[in-house]
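# Observations on chain architecture
Each chain, letter by letter, is given below.
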Amino acid sequence: MTYRLLPGLLSTLALVASVELSASAAPAQSTLFEVYGSAFADTFGEDVDVVGFVDGDAIPDVVVGARVSDAGGTDSGAVFVYSGATGALLHEVFGGPGDVLGFDVAGLDDVDGDGIADFAACAAAFANDSGLVRVYSGLDASVLWEEVGPIPGGLYGLTLESIDDVDQDGRQDLLIQHANAQRVDVRSGADGALIHRLDGGLPGFGRALDGTPDLNGDGVADILVGITGVTPAGRIRAYSGATGAPLFAIGGIDPGSTFGYSIAALGDTDGDGVSDFAVGAPFERIDGLLAGRVRVYSARTRQLLHTLDGGAFGGRFGETVAGPGDIDGDAIPDVAVGSLVEGPGAVRVFSGADGSLLLTVFGNDTGSTFASWFGGSLEATCDLNQDGIGDLIVGAPSDGSLVDLAGSARAVACGAAVAPGDACANPEPILGERVVAFDTSSLTTSGLGAGGCGAVASNDRVFLWSPGRAGSFTLSTEGSAFDTRLAVYRGRDCGAVCIASSDDVGGATWSRVDLHDVELTDAYLIQVGGAGGASGAAQLEIGPFGLGTNYCPANANSTGVAATIRATGSVTVVPNDVVLFASDMPQNALAYFLISRTQGFVAGPAGSAGNLCLGGDIGRFVGFGQILNTGTGGAVSLPIDLTRLPQPTMNVAAMPGDTWNFTCWFRDAIGGSPTSNFTDGLRIDFL
C-alpha cells in the first residue's frame, strides 16, 4: 500500500462525497463495479484496501479514502466502505476541517470480537500534521481506538497496512509509518498497544509497508518495509513479526529509481514453500528512458526471479504493486502493477511463473486536462464475483468521469483476461526503439476497425507503443516468416484512429510504415496481421527513420525486385546501437554485410549479377554469427559494434566525424545459374 502527495489539488467545493455505479467506462468484461467521488479534487481513491466481511454476505468488502473531501469541513477527508458484491455504500466517516482523513486506509478482520470486519484510516494533517490513526467498527463505524502522533509535523500514519496476528491474540494487527520520525510502529489491532517499534533512521523509511506470511520459520507473519530515501537507489528491509529484529535487506540498482516505493507479498512463486515479494521502482530508467520497473524476489534466497519493465515513457510503472493470487490457472501466484501516468493510468498483471503479461486494464480517459491516475492505489482482493479467481481494487484519485479530479475506485475481475496482444483491449506494451519477436499462430482478431487502414486480417497482434522521444520513426515487419500487414492507430483504446498502413513493400511479403512528427507523450496501437489468414513467427522492428543515405542502384535479383539496405540506431558513435538490415533478397540465401570508408560502383564484379557500391579497402562482417541466412522472409539484420569495424588488416573504431559506407552481398540464381548479388549502398555520417 502506498501514499502520494498531490500538491495544489485542494477541494474548493463543500460538497458531500457521493458514489455512482457504472460498468460503461471500462471494458465490460473486466469491471465489476466502479464508485466515484462527486466534488472537485476530492481525490477519492487516493488509497483503497480490502476489508473482511462487513455486510455478512461472505464476500470481502472495500474501503476507499478521499483525503481532501470537504464532507466534514474544508479538507476534512473522508472514508467510505462499500459492498464487494454490489458496490453499495455501507459506511462513511469524515474527518474534521484540515485533517485529511483517508490519506491511507487499511482493511482489517474482526478486531473487536463482534463477528464483523473492521477498518482503519489515517488523518495525516491532524493536530499540526502530527497525524492520527483511527480504527473503526465495521458494525456501526464507531471509533474503537485511536493513536495520535507524538510529534507535530511527524505525519503519523502516512502509510498503513494490516498484518496477520503478530502478538498471538487471534486478531490482525497494524503497521503504521511515522514518516518524519523515520520509524514504523507495529500496534495491536485489538486495542492499539505498541508491539514493536522499528527504528529505521533513514529518509523514506516505511514509504511502503506490507505484511507477509512467515519468512523465517517461526510461524509468525513478518514485515516488509520500503525505504526510498536511501541513496543512490532505495532499499527494502524485512523484519521479524515476532521480535521486530531485521531479517535481511535488498538494495536498488539504478540511481534515483526510488526502489522500495511499493512492495507486496505475493505468495510462493518459486515453489520453495516461502512467500515471495515484488518491489516497485517507478522512476527507474529502461534503456535510458524513464519508465519504471518492478522486481520479483525469492524471499528464501533473495534471488531475483523476474524483472518487469514499464512500457510507457514517464508512466511510473511500479507506483503500486499487489499480489492477486493465481489468475491464469497454473497454481502459481501472479503480480499486479500500477502505471498511473501511462495515459489515463493502467494496471497490468504478470505471470508469477515466468513474468509474461497476462492482463491490462486502463483507466477512464475522460478528455480532462488531468490524467485519471488509475493505478495510483491498488489492492488485491479475494474472489468478488465468485468465479474462483482473485480480483483487484484500483484507485484513480484524479479521475474526472463525473467531476474533474473527484476520483474513482474500480473493482476489476481478473478472470476475464484475454491473451496479451490478442485484442485491442489488452495490447502488449512496447517502449522506445526495439525489435520484438512474436508468434501469431494462436491469435484471433483484435477488435480494431479497418478505418482506412485496409484489411489487417485475422491472427493479428496488437502492441501499445510509447515512443520515448519525439521525431520520426520507421516500423517494419522485416524478418517475419509469412505475408504480413501492418497498421498504426493514434490512441490507446479500441476506438483509436488509423493513421497509416502497409502491405508488401516493393513486392516483398513484409510491411513498413514511416511515422513523422511523433511527440514524446504520444501513444500508438500497432497491429500486425497476416494476409489471407497467414500466421506464424513474426518480427516488429521500430527504429529511427532514415539513418544514413542510400546511394548506387541495385540490380533486380531472382525475386524480380532489387534488394535494399537500411539501418537503425543513433547517428552518434557513443550509443553504439546501429543495426543493419537488408531485405527483398531470395529466400534461404547466404548473406553478409560489407563496409568501406569509400563509395564506388563496380558492375558485375567477379561475375556477380549485381553492382558493388563500395571502393577502396573493403571489410567483411564474416565473424562468428555474422554470416547470415535470409530465411523465408528474404531478409537479414545485424547489430554492428562500432568499436570493431572490419577492415582488410584489422578492426577499427568509428570516430565522430567518420563516414562509413555499407552494402550486403548475397547468393542468387539468375536463369537457373548460381551467382551472387548486392543491395544498394548506404552512407552513414557519424557524429
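Residues numbered from 1 in each chain as written. Predicted model: local features only at pLDDT ≥ 70, side-chain atom pairs only at ≥ 80, totals over all residues. Heavy atoms only, no water.

## Points about the overall build of the protein
Applicable threshold: Helical segments are the DSSP runs of H or I of at least four residues, strand segments are the runs of E of at least two, and each set is numbered from the N terminus. Partly exposed residues are those whose accessible area sits between 20% and 50% of the maximum for their type, while under 20% is buried and over 50% is exposed, using a 1.4 Å probe and protein chains only. In this description, contact between two residues means that some pair of their heavy atoms is separated by no more than 4.5 Å. All accessible-area figures derive from a Shrake-Rupley calculation using a 1.4 Å probe, and residue coverage is judged against the displayed protein chains alone. Neither His nor the chain termini are counted; the positive set is Lys and Arg, and the negative set is Asp and Glu. Here the site of a charge means NZ on Lys, CZ on Arg, CG on Asp, or CD on Glu.
If you tally the helices and strands in the protein, you get 1 helix and 51 strands. Counting the 687 residues in the protein, one finds 59% classified as buried. By sequence separation, contacts in the protein at least 24 residues apart represent 59% of the contacts at least 6 residues apart. Of the roughly 23,400 Å² of accessible surface on the protein, 53% is carried by carbon and sulfur atoms. Averaging the coordinates of the 31 positive side-chain charges in the protein and doing the same for the 81 negative ones gives two points 12 Å apart.

## Here's the deal with the side chain of glutamate 342
Operational definition: Here a polar contact is taken to be a pair of N or O atoms separated by no more than 3.5 Å, where protein atoms must pair a possible hydrogen donor with a possible acceptor and residues adjacent in sequence count only if both atoms sit in side chains.
Inspection of the secondary structure assignment puts glutamate 342 in the loop between β25 (334–339) and β26 (346–350). Given a relative accessible area of 1%, glutamate 342 falls into the buried group. For glutamate 342, the side chain forms a polar contact with the side chain of serine 339, separated by 3.1 Å. For glutamate 342, the residues in contact, after removing those within four places along its chain, are Ala312, Gly315, Arg348, Phe362, Leu464 and Arg492.

## Some details on the environment of isoleucine 250
Relative to the assigned elements, isoleucine 250 resides in strand β17 (residues 246–251). Residues isoleucine 250 and alanine 582 lie 332 residues apart in sequence; the distance between their C-alpha atoms is 45 Å.

## Let's talk about the nonpolar core
To be explicit about the condition: Only buried residues count toward a nonpolar core, which is a set of Ala, Val, Leu, Ile, Met, Phe, Trp, Tyr and Cys residues joined through side-chain atoms within 4.5 Å.
Counting residues in each nonpolar core, the largest one holds 28 residues, and the members touching the most others are Phe593, Ile640, Leu645 and Phe662. Broken down by secondary-structure element, the contributors of at least two residues to this core are β41 (564–568), β42 (579–583), β43 (590–603), β46 (636–639), β49 (659–670) and β51 (681–685). When residues in this core are grouped by element, the largest group, 4 residues, is from β49. Ignoring sequence-local partners within four residues, the contact set of leucine 645 consists of Ile595, Phe621, Ile640, Met650, Asn651, Val652, Ala654 and Trp660. Core analysis: the second largest hydrophobic core is formed by 20 residues, Leu475, Phe482, Val488 and Ile542 among them.

## Quick look at the sheet that holds strand β34 (residues 471–476)
Stated precisely, the cut-off is as follows: DSSP bridges decide pairing: two strands pair if at least two such bridges lie between them. Note on definitions: angles span 0 to 180 degrees between N-to-C directions of axes, and those axes are lines fitted to C-alpha atoms, for helices only across the stretch in contact.
Across the sheet, 4 strands lie side by side as β32-β39-β34-β37; this open sheet has antiparallel pairing. Each of the sheet's edge strands pairs with one partner strand only, and the pair in question is β32 (434–439) and β37 (512–518). Taking the axes of each pair of neighbouring strands and ignoring which way they run, one obtains an average angle of 15° across the sheet.

## What to know about the sheet that holds strand β8 (residues 132–136)
Pairing within the open sheet is antiparallel, and its 4 strands lie in the order β6-β7-β8-β9. Taken across any chain shown, the strands that pair with only one partner, and hence form the sheet edges, are β6 (101–107) and β9 (143–148). Averaged over all adjacent pairs, the angle separating strand axes in this sheet is 20°, with direction ignored. In this structure, β6 lies alongside strand β7 (residues 119–123), joined through 4 bridges in antiparallel fashion.

## Focus: the pairing of β17
Bridging between strand β16 (residues 235–239) and β17 involves 5 bridges; their strand directions are antiparallel. The residue of β17 that forms the bridge with alanine 238 is phenylalanine 248.

## Structural notes on the state of the cysteines
Heads up, the rule is: Criterion for a disulfide: a pair of cysteine sulfur atoms at a distance within 2.5 Å.
Summed over the entire model, instances satisfying the criterion amount to 1 disulfide. The disulfide that involves cysteine 552 links it to cysteine 613, with 2.0 Å between the sulfurs. Negative torsions about the S-S bond denote left-handed disulfides, and the value of about -75° found for cysteine 552 with cysteine 613 makes this one left-handed. Placement of cysteine 552 in the loop between β40 (549–551) and β41 and of cysteine 613 in strand β44 (residues 611–620) is noted, with a sequence separation of 61 residues between them. Residue class for cysteine 613 comes out buried when judged on its relative accessible area of 0%. You can see cysteine 414 has no disulfide; the closest cysteine sulfur is in cysteine 382, sitting 12 Å from it. Residue class for cysteine 414 comes out buried when judged on its relative accessible area of 1%.

## Comments concerning the packing of aromatic side chains
The test is simple: Planes of paired rings set the category: under 30 degrees apart is stacked, over 60 is edge-to-face and the rest tilted, where pairs are Phe, Tyr or Trp rings (Trp by its six-membered ring) whose centres lie within 6.5 Å. Charge over a ring is defined by NZ of Lys or CZ of Arg lying within 6 Å of the ring centre and within 35 degrees of the ring normal.
The full count for this structure, using the stated rule, is 14 aromatic pairs. Seen from their ring centres, phenylalanine 248 and phenylalanine 277 are 6.1 Å apart, and the 20° between their planes marks the pair as stacked. Within this pair, whereas phenylalanine 248 is found in strand β17, its partner phenylalanine 277 is found in strand β19 (residues 276–281), the two being separated by 29 residues in sequence. The exposure classification of phenylalanine 248 matches that of phenylalanine 277, with both residues buried. Judged by centre distance (5.5 Å) and plane angle (35°), the rings of tryptophan 465 and tyrosine 524 are tilted. A residue pair is termed long-range when its members are at least 10 positions apart, and tryptophan 465 in strand β33 (residues 461–466) and tyrosine 524 in strand β38 (residues 524–530) qualify at 59 residues. Tyrosine 524 shares its class with tryptophan 465; the two are buried. Among the aromatic side chains, those forming a connected cluster through ring pairs are Phe248, Phe259, Phe277 and Tyr297. Above the plane of the ring of phenylalanine 581 lies arginine 566, whose end atom (NZ or CZ) is 5.1 Å from the centre.

## Observations concerning a nonpolar patch on the surface
Rules: In this analysis, a patch consists of residues with relative accessible area above 30% that form no salt bridge, clustered at 9 Å for like charges and at 5 Å for the nonpolar side chains Val, Leu, Ile, Met, Phe, Trp and Tyr. Salt bridge, as applied in this entry: a Lys or Arg side-chain nitrogen positioned within 4 Å of an Asp or Glu carboxyl oxygen.
On the surface, Leu590, Val622 and Ile627 cluster together to form a nonpolar patch covering roughly 240 Å² of accessible area. Within the secondary structure layout, valine 622 lies in the loop between β44 and β45 (628–629). Given the relative accessible area of 41%, valine 622 is considered partly exposed.

## Side note on the pattern of salt bridges
Opposite charge on two side chains permits pairing when their charged atoms draw close. Taken as a whole, this structure holds 20 salt bridges when the rule is applied. Put simply, arginine 410 and glutamate 34 hold a salt bridge, and the shortest N to O gap is 3.4 Å. Here arginine 410, found in strand β30 (residues 408–413), pairs with glutamate 34, found in strand β1 (residues 31–36); they are 376 residues apart in sequence, far enough to count as distant. With respect to class, arginine 410 is no different from glutamate 34; both count as buried. When the shortest N-O distance is used, the salt bridge between arginine 512 and aspartate 514 registers 3.2 Å. Residue aspartate 514 is classed as partly exposed on the basis of its relative accessible area, which comes to 32%. Connected via shared salt-bridge partners are Glu147, Asp185, Arg187 and Arg197.

## Focus on the pairing of strand β2 (residues 44–51)
Burial of β2 is extensive: 8 of the 8 residues sit out of reach of the surface. Inspection of the sheet shows β2 paired to strand β3 (residues 61–66) by 6 bridges, in the antiparallel sense. If you follow valine 51 over to β3, its bridge partner there is aspartate 61.

## Structural notes on the environment of glycine 671
Here glycine 671 lies in the loop between β49 and β50 (673–678). The spatial distance from the C-alpha of glycine 671 to the C-alpha of valine 561 is 15 Å, given a sequence separation of 110 residues.

## So, unusual backbone geometry
Of note in the backbone geometry, alanine 58 takes a positive phi value of approximately 65° without being a glycine. With respect to the helices, strands and loops of the structure, alanine 58 is situated in the loop between β2 and β3. Notably, asparagine 588 is not glycine yet its phi reads approximately 55°, a positive angle. By secondary structure assignment, the location of asparagine 588 is in the loop between β42 and β43.

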